[in-house]
Amino acid sequence: MKNLKLKSARVAMDLSQQQLADLVGVSRQTISLIEKGDYNPTINLCIAICKALHKTLDELFWY
């Protein structure tokens, strides 16, 4: 399932996939795969993404 919440939060902060990846210490491909729903990130990565985007886990990862 695509993670459109993550993509829209990233775009709203005017960050590219590469910029977000650099902030959280992963590759751009990892961010792309998460957004496409083809990769299930660890809870630590979810938390790092949330901190970088100033969002909660509920806002980005739970439905």
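Scroll up to find the structure this text is about.
Note that the coordinates shown come from a computational prediction; the quantities given were computed from them, not determined experimentally. (Residues numbered from 1 in each chain as written. Predicted model: local features only at pLDDT ≥ 70, side-chain atom pairs only at ≥ 80, totals over all residues. Heavy atoms only, no water.)

Enquirer: Break down the pattern of salt bridges for me, with residues and values.
Expert: Applying the stated rule across the entire model yields one salt bridge. The shortest N-O distance in the salt bridge between R10 and E35 comes to 2.6 Å. With a gap of 25 residues between them, R10 in helix α1 (residues 4–12) and E35 in helix α3 (residues 28–36) connect regions that are remote in the sequence. As far as the burial class goes, R10 and E35 line up, both buried. (Salt bridge = Lys/Arg side-chain N within 4 Å of Asp/Glu carboxyl O. Helix = DSSP H or I, 4+ residues; strand = E, 2+ residues; numbered from the N terminus. Buried < 20%, exposed > 50% of the residue type's maximum accessible area, 1.4 Å probe, protein only.)

Enquirer: Quick one: what's the story with unusual backbone geometry, residue by residue and with numbers?
Expert: Leaving glycine aside, a negative phi is the common case for residues, and trans is the common case for peptide bonds. Within the chain, D14 stands out as a residue other than glycine whose phi angle is a positive 60°. Inspection of the secondary structure puts D14 in the loop between α1 and α2 (17–24). Backbone geometry at H54 places phi at a positive 60°, although glycine is not the residue there. Within the fold, H54 resides in the loop between α4 (43–53) and α5 (57–60). Residue class for H54 comes out exposed when judged on its relative accessible area of 64%.

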